[in-house]
Amino acid sequence: QVQLVESGGGLVQAGGSLRLSCAASGRTFSNYGMGWFRQAPGKEREIVATINWRGTNTYYTEPVKGRFTISRDNAKNTVYLQMNSLKPEDTAVYYCAADISPFRVRQSLRDFGSWGQGTQVTVSS
């Protein structure tokens, strides 16, 4: 089982930037794909971005393409989400999660588990 702890959320004005971090422990981090997801009030949790175990393959949902960048540092057991040009519609609780199986390249929420506690991102207009 893997434990995940997110950090880096906060309140930012539209057009600003934030960098989220997710620290992992409990299993071999470098064997598993990672993902960032978000859930806005009254909405279902949705995928934001994923990255494969080596960091060589990334996926972004259309609304964040060109603005967000997912990356990972396997030496530090950490995955990041750099968020630029933030918009009010990016306001949500952001969660990181690990793929439930190693050595996969996947972009479906159902393939991820071991959720962190989430970090709030609020973008004011």
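Throughout this description, residue numbers start from 1 for each chain and increase along the sequence as written. Under the rules for a predicted model, residues below a pLDDT of 70 receive no local features and side-chain atom pairs below 80 are neither given nor counted, while totals for whole chains, interfaces and linings still include all residues. Excluded from the side-chain calculations are hydrogens and water; all other atoms, namely the structure's heavy atoms, are used.

Focus on the overall build of the protein
Next up, step 1: Only DSSP runs of H or I with at least four residues qualify as helices, and only runs of E with at least two residues qualify as strands; both kinds are numbered from the N terminus onward. Tallying secondary structure elements over the protein gives zero helices and 11 strands in all.
Next up, step 2: Starting at the N terminus and ending at the C terminus, the protein contains elements arranged as β-β-β-β-β-β-β-β-β-β-β.
Next up, step 3: The globule rule used for comparison is 2.2 Å times the number of residues to the exponent 0.38, while the radius of gyration itself is calculated over C-alpha atoms. In terms of overall size, the protein behaves like a compact globule, its C-alpha atoms giving a radius of gyration of 13 Å where 125 residues would be expected to give roughly 14 Å.
Next up, step 4: If you line up the protein on its principal axes, its C-alpha atoms span 40 × 25 × 25 Å.
Next up, step 5: Here the protein holds 125 residues, and the buried ones make up 47% of them.
Next up, step 6: The criterion used for residue contact is that any of the two residues' heavy atoms lie within 4.5 Å. Considering only contacts in the protein between residues 6 or more positions apart, those separated by 24 or more positions represent 58%. Categorising residues by exposure relies on relative accessible area from a 1.4 Å probe, with only protein chains included: less than 20% of the type maximum marks a residue as buried, more than 50% marks it as exposed, and the intermediate range marks it as partly exposed.

Here's the deal with the state of the cysteines
Next up, step 1: The definition used for a disulfide is geometric: two cysteine sulfur atoms within 2.5 Å. For the coordinates displayed, the defined rule picks out one disulfide.
Next up, step 2: Across the disulfide from cysteine 22 sits cysteine 96; the S-S distance is 1.9 Å. A torsion of 50° about the S-S bond marks the disulfide between cysteine 22 and cysteine 96 as right-handed. Note that cysteine 22 is positioned in strand β3 (residues 18-25) and cysteine 96 in strand β9 (residues 92-102), a separation of 74 residues in sequence.
Next up, step 3: Given the relative accessible area of 0%, cysteine 96 is considered buried.

Shape is all these values report; function is a separate question.
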